[in-house]
Amino acid sequence: MARTDLDTPTSVTDLVTPTWEYAPAPQATDVVSIAATNDLFIGGDWVSTRDGSTTATLNPATEEQLATYTVAGPADVDAAVAAARTAFASWSRLRPATRGAHLYRIARIMQERAREFAVLESLDNGKPIRESRDVDVPTAAAHFFYHAGWADKLDWAGLGPGPRPLGVAGQVIPWNFPLLMLAWKIAPALACGNTVVLKPAETTPLTALLFAEVCQQADLPPGVVNIVTGDGDTGAHLVSHDGVDKVAFTGSTAVGKAIARQVAGSDKKVTLELGGKAANIVFDDAAMDQAVEGIVNGIFFNQGHVCCAGSRLLVQENVHEEVVDRLTERLGTLRLGDPLDKNTDIGAINSSDQLGRITDLVAAGEAEGATKWELDCALPTNGFWFRPTVFTGVEQSHTIATDEIFGPVLSVLTFRTPDEAVAKANNTPYGLSAGVWTEKGSRILEMAGRLRAGVVWANTFNRFDPTSPFGGYKESGYGREGGRHGLSAYLKPAA
Amino acid sequence: MSVTARQGAPPELLEATRSEAALRSFLHGLGGVDAVGLETRVAGLATRSIKKDAKLAGIDLAIAMVDLTTLEGQDTPGKVRALCAKGIHPDPGDDDCPSVAAICVYPDLVATAVEALGDSGVGVAAVATAFPAGRSSLEVKIADTTLAVEAGASEVDMVIDRGAFLSGRYGQVFDEIVAAREASGNAKLKVILETGELATYDNVRRASWLALAAGGDVIKTSTGKVSPAATRPVTAVLLQAVRDFARLTGEVRGVKAAGGIRTSKDALRYLVLVQEVAGPGWLTPDLFRFGASSLLDDLLLQRTSQRTGRYHSADYLPMA
C-alpha cells in the first residue's frame with residue numbers, strides 16, 4: 001500500500017520528477033598556471049638537465065597533454081644529491097625552532113594555495129576535486145604543521161636526548177596521492193634536520209614541482225629540498241646513490257623488493273611502504289548503514305588507488321545477502337565522471353597501464369568463476385575509466401582475493417566465526433591495514449590484537465592523521481611514517 | 001498492548017508487535033547507528049554543489065514541501081488568515097511559484113485555516129495530542145485530535161510520549177499512535193518523535209520504527225519547541241527508517257524535518273539527503289516536508305535572485 005495519494009496539493013504534482021539531476025558544477029581550472037615545460041629543482045633553482053631527456057604528463061580524464069617535464073639522468077641525480085649534501089651541513093645545525101618556523105611557513109603557504117594544489121592534483125592524477133580539495137591537500141598541510149611542532153622537541157622522540165639527523169634522504173613516491181606522499185616524506189625528514197632529494201611518480205610530477213615553488217616562496221635554504229622528476233631509472237639512480245644516507249619508498253612491492261636488494265650491504269637506512277590486500281571485516285552486529293559507507297570508502301575512495309584499500313570484504317555469512325544488497329544499492333548513487341566536477345565521486349584511472357592491469361585482473365576474476373557486478377553508468381569516451389566493480393562468490397584461492405588490484409574492484413568473501421575471520425584476514429603475504437565493523441567493543445579490541453596489519457580501523461576506514469603511525473607487516477614493507485614512530489626513520493641516537 | 005496493536009501494524013510486523021516483549025526485542029534488535037560514521041556521511045553529502053537548473057528545481061520543490069507553521073500562544077484568526085494567503089501564493093508577483101504543502105496550526109485555529117485556504121489545494125495540518133510535551137491522558141490527546149479532524153484538518157501532527165519511550169514502555173507509545181491513527185480518520189498522521197529529547201541516534205531509529213509499525217504516515221523530527229530540533233544526521237536516520245520500512249513491507253511512508261531550517265542552502269542539503277539516502281522517489285511533498293516558518297522567505301529570495309540575477313530585500317515579500 002502506498003499512501004502517496006493522500007492530500008497532494010495539486011499545484012505541485014508537476015514538480016515531481018523521477019530524479020533531481022545535479023547540474024554540472026565544474027571547478028574552474030584557471031586558478032593554476034601550468035608551465036608548458038619544466039626543469040629540475042636543484043639547489044634552490046630551476047636547472048636544465050645535464051644528461052636526461054624530456055617526456056609528457058597527461059590528464060588521465062581526457063588524455064590531453066598537460067606539460068612536458070624532465071626525466072633526470074644520473075648526472076642530474078648526482079647534482080641533486082650534492083646540493084642536498086651541501087645544504088645538510090647548515091640545515092642540520094640550524095636552531096631547531098628555526099627549522100620548525102620554515103615548516104610552519106610551508107604549511108601555511110600550502111593552505112593559502114590549496115585551491116591551486118587541488119586543481120593541479122585532480123588534473124594530473126584524475127582524482128575527484130572533492131577529494132583533492134577535502135582530503136589530499138588539507139592532510140598534506142597538516143603533516144607539515146604537525147612535524148613543524150616536532151622540530152624543537154626531538155629530545156622527546158623516543159631516541160634519548162640529542163638525536164641526530166641521518167643526512168641526505170632519497171625519497172621515491174607513488175602516483176596515487178602525489179602531494180600527500182610528498183608531505184609524508186619531506187615533512188619528517190626536514191623536521192629532523194635531514195635534507196631531501198625527492199623523485200615524484202612518472203605520471204604525476206606536477207604538484208611536486210608546484211611544491212618546489214612553495215619552498216622558494218618560504219625562503220627554504222637552497223638544497224634542503226631538491227625535486228628530480230623522472231622514471232624508474234631515475235628512481236633507481238637515486239636510491240642506489242652513494243651520497244644518500246636514507247631511502248624512503250612508497251610504491252609497489254615488486255619495486256620495493258628491488259630497492260631492498262639494491263641497498264643491501266650498504267649503510268643506508270630504509271623504510272618501504274608497499275602494497276596491500278586489506279581485509280574489511282563486517283560482523284553481523286555492525287551498524288549496517290555506516291558499515292556500507294565504510295566499505296564504499298574503503299575500496300572506491302581514490303578509485304581504489306590506495307595501498308591500504310579495503311579490497312577484500314569479509315562478511316559474516318549470516319548477513320552476506322543483506323550487506324551485498326545494501327552495498328550495490330548504495331553504489332548506485334555514485335557519480336562517475338569529470339574529476340573537476342565538484343559532485344564527482346569516482347574519477348579517472350591514473351594511466352592506461354594501470355587500467356590495463358585492472359582489466360586483466362577483473363578478467364581473471366571472471367574466468368575463475370566469481371560473480372561480477374558493476375555500476376551501470378556511462379563512461380566518458382576519452383580518458384581512462386573503470387566502472388566500480390564488486391565480485392561475490394570469491395574464494396581465498398582466487399587471484400582477485402590474493403593480488404593487489406589497485407583499482408575500484410571489491411572482492412567479497414564470507415566467514416562464520418571470529419576465528420575464521422582472523423585466519424582469512426591474515427592469510428595474505430601483505431599486512432598493511434584492516435577494518436573491523438561491530439558494535440561490540442570487546443570484539444574490536446580482540447580483533448585488533450590478532451590482525452597482522454600495521455593499521456586496524458574500527459568502525460571507520462581510510463582515515464589518515466599525521467599523529468598516527470602508518471606502515472606494514474610482511475610484504476607491505478617496513479618502517480613507520482607519521483607520529484612519533486615515524487620520526488625514528490629520520491633520526492639516529494646521539495653519538 | 002491490545003488488539004488495536006495488531007490492526008496498526010503491517011503483516012510483516014504483526015509478530016513484532018504482538019506483545020510488549022516482542023516489541024521490545026524487535027526494537028532492540030534493530031541494528032545500531034554509529035554516530036561518527038553517520039555524521040561523516042552527512043557532512044560528505046553537504047559538499048554536493050547544487051547550481052543552476054538543479055538549484056531552481058530544488059528551490060521550487062522545497063517551497064512545495066513547506067508546512068508553513070505558526071504555533072504561538074499569540075496566534076489569532078487574523079494571523080492564520082495572513083499565513084494562509086501567503087501559503088497559497090508565496091510570491092504574488094509570479095504565478096509559477098508553487099504553493100506550500102500545508103499550513104500548520106493549533107487545533108482551535110484549524111477552522112479558520114480551512115476556510116481561508118478553500119479549494120487552493122493547500123493542506124491544513126494541526127498539531128495535536130497535547131502538543132508539544134504530550135503530557136496528558138490518552139483521552140485528552142484523542143479529544144485534541146478529534147477536535148482538529150472535525151474542524152477539517154487534513155493532516156495531524158501528533159507527539160509521542162517521550163517519557164514512556166525513555167522508560168521503555170514501548171507498548172504504551174505504540175498504542176497511543178494507533179489510537180491517534182484511528183482518531184485521525186482519513187487525515188495524514190505525522191508522528192513527532194522529538195529527537196532532541198531522545199538524544200541518541202539508536203533511540204531515534206527505534207522510535208522511527210515504532211511509529212511506522214503503529215501506522216504513522218510520516219515520521220517527523222521535532223516540535224520546534226525543543227533544541228536541538230531537526231538536524232541533518234537525525235533526518236538521515238529517519239530517511240533510512242522509511243527506506244528500510246518500504247523494503248520490508250512495501251509501504252512507502254514519509255519524513256518531515258521540522259525546526260531550525262532557515263536557509264535555502266540548508267534546505268537543498270536536506271533534499272540531497274532525501275535523494276541519496278532514501279532515494280529519488282521520496283522527493284515529493286507527499287513524502288518529504290519541511291516544518292518551518294522563516295525558511296519560506298529565504299527560499300523566495302533565492303528563487304527571485306536565481307531567476308533575475310538580483311537579490312532583493314525582504315521588503316518585497318509579503319509578510320504573514
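Because the structure is a prediction, the values reported are computed rather than measured.

## Remarks on the overall build of chain B
Next up, step 1: Of regular secondary structure, chain B possesses 14 helices and 8 strands.
Next up, step 2: C-alpha extents for chain B along the principal axes are approximately 60 × 45 × 30 Å.
Next up, step 3: Counting across all 320 residues of chain B, residues that qualify as buried make up 63%.
Next up, step 4: Considering only contacts within chain B whose residues lie at least 6 apart along the sequence, 75% involve residues at least 24 apart.
Next up, step 5: Of the roughly 11,300 Å² of accessible surface on chain B, 52% is carried by carbon and sulfur atoms.
Next up, step 6: The averaged location of the 38 negative side-chain charges in chain B is 6 Å from the averaged location of its 34 positive side-chain charges.

## A look at the sheet that holds strand S3 (residues 123-128) of chain B
Within a beta sheet, neighbouring strands are joined by backbone hydrogen bonds and run either parallel or antiparallel to one another.
Residues and elements named next belong to chain B.
Next up, step 1: Pairing within the closed barrel is parallel, and its 8 strands lie in the order S1-S2-S3-S4-S5-S6-S7-S8. Here the average twist between neighbouring strands, direction ignored, is 25°.
Next up, step 2: Where strand S4 (residues 155-159) lies against strand S5 (residues 188-192), 5 bridges are found, and the strand directions are parallel. Within S5, the position partnered with Glu155 by the bridge is Lys188.
Next up, step 3: Across the face of the sheet, helix H9 (residues 170-184) comes into contact with S4 and S5 while running at roughly 150° to S5.
Next up, step 4: Sitting on the sheet, helix H12 (residues 232-249) is in contact with strand S6 (218-220), strand S7 (254-258) and strand S8 (288-292), with an inclination near 170° to S7.

## Concerning the side chain of B:Glu176
Residue and element names in this part refer to chain B.
Next up, step 1: The residue Glu176 is located in helix H9 in this model.
Next up, step 2: For Glu176, a relative accessible area of 8% corresponds to the buried category.
Next up, step 3: Among the polar contacts made by the side chain of Glu176, one reaches the side chain of Lys141 at a distance of 2.8 Å.
Next up, step 4: Among all residues touching Glu176, those that are not within four sequence positions of it are Leu138, Lys141, Met158 and Asp161.

## Focus: the domain arrangement of chain A
All names here are of chain A.
Next up, step 1: Domain assignment breaks chain A into domain 1 (37-274 + 475-492) and domain 2 (279-465).
Next up, step 2: Using only C-alpha atoms to locate each centre, domain 1 and domain 2 end up separated by 29 Å.
Next up, step 3: Counting residues at the interface gives 31 residues for domain 1, matched by 31 residues for domain 2.
Next up, step 4: Put simply, domain 1 and domain 2 have 1 salt bridge between them.
Next up, step 5: The interface formed by domain 1 and domain 2 contains 14 residue pairs in polar contact (both at pLDDT 80 or more).

## Some details on the sheet that holds strand S13 (residues 312-316) of chain A
All names here are of chain A.
Next up, step 1: Read from one edge to the other, the open sheet built from 7 strands follows the order S14-S15-S16-S13-S12-S17-S18, with strand pairing classed as mixed. Every interior strand has two partners, whereas the edge strands, strand S14 (371-374) and strand S18 (455-458), have only one. Direction aside, neighbouring strands of the sheet carry axes that sit 20° apart on average.
Next up, step 2: As defined by bridge partners, S13 adjoins strand S16 (residues 409-415) across 5 bridges and the pair is classed as parallel. When the bridges of S16 are listed, Val315 appears paired with Thr414.

## Here's the deal with the packing of aromatic side chains
Next up, step 1: Taken as a whole, this structure holds 18 aromatic pairs over all chains when the rule is applied.
Next up, step 2: Here A:Trp184 and A:Phe464 contribute two aromatic rings whose centre-to-centre distance is 6.3 Å and whose plane-to-plane angle is 65°, an arrangement assigned as edge-to-face. Here the residue A:Trp184 occupies a position in helix H5 (residues 178-191), and A:Phe464 occupies one in the loop between S18 and strand S19 (477-478), the gap between them amounting to 280 residues.
Next up, step 3: Here A:Trp184 falls in the buried class, since its relative accessible area comes to 5%.
Next up, step 4: Summarising the aromatic geometry, the rings of B:Tyr106 and B:Phe131 are spaced 5.8 Å apart at their centres and angled 75° between planes, so their arrangement reads as edge-to-face. Here B:Phe131 lies in the loop between S3 and helix H7 (138-150) and B:Tyr106 lies in the loop between strand S2 (102-105) and helix H6 (110-117), a separation of 25 residues in the sequence.
Next up, step 5: A relative accessible area of 10% places B:Phe131 in the buried class.
Next up, step 6: Through pairs of rings, three or more aromatic residues link up here, namely A:Trp184, A:Trp457, A:Phe461, A:Phe464 and A:Phe470.

## Digging into the interface of chain B and chain A
Next up, step 1: Contacts between chain B and chain A engage 53 residues on the former and 38 residues on the latter.
Next up, step 2: Of the roughly 3,700 Å² buried where chain B meets chain A, counting both sides, 50% is carbon and sulfur surface.
Next up, step 3: Counting the surface chain B buries against chain A, the share from its top three residues, B:Asp34, B:Arg48 and B:Asp286, is 15%.
Next up, step 4: Here chain B and chain A share 6 salt bridges between them.
Next up, step 5: Between A:Glu293 and B:Arg41 there is a salt bridge, with its nearest N and O atoms 3.1 Å apart.
Next up, step 6: Where chain B meets chain A, there are 12 residue pairs in polar contact (both at pLDDT 80 or more).
Next up, step 7: Listed by contribution, the elements that provide at least two residues to the side of chain B that touches chain A are helix H3 (35-45), helix H4 (52-64), H12 and helix H13 (264-278) of chain B.
Next up, step 8: Residue contributions to the side of chain B that touches chain A peak at 8 residues, all from H4(B).
Next up, step 9: Residues of the side of chain B that touches chain A, tallied by class, amount to 18 nonpolar, 16 polar and 19 charged.

Reading the values: the criteria
Residues numbered from 1 in each chain as written. Chains lettered and ligands numbered in written order. Predicted model: local features only at pLDDT ≥ 70, side-chain atom pairs only at ≥ 80, totals over all residues. Heavy atoms only, no water. Helix = DSSP H or I, 4+ residues; strand = E, 2+ residues; numbered from the N terminus. Buried < 20%, exposed > 50% of the residue type's maximum accessible area, 1.4 Å probe, protein only. Contact = heavy atoms within 4.5 Å. Areas by Shrake-Rupley, 256 points an atom, 1.4 Å probe, with all protein chains shown as cover. Lys, Arg positive; Asp, Glu negative; His and termini not counted. Charge placed at Lys NZ, Arg CZ, Asp CG, Glu CD. Pairing = 2+ DSSP bridges. Axes fitted to C-alpha atoms, helices over the stretch in contact; angles between N-to-C directions. Polar contact = N/O pair within 3.5 Å; in protein donor to acceptor, adjacent residues only side chain to side chain. Domains from an automatic or database assignment. Salt bridge = Lys/Arg side-chain N within 4 Å of Asp/Glu carboxyl O. Phe/Tyr/Trp six-rings, centres within 6.5 Å; stacked < 30°, edge-to-face > 60°. Buried area = accessible area lost by both parts, 1.4 Å probe. Nonpolar A, V, L, I, M, F, W, Y, C, P; charged D, E, K, R; others polar.

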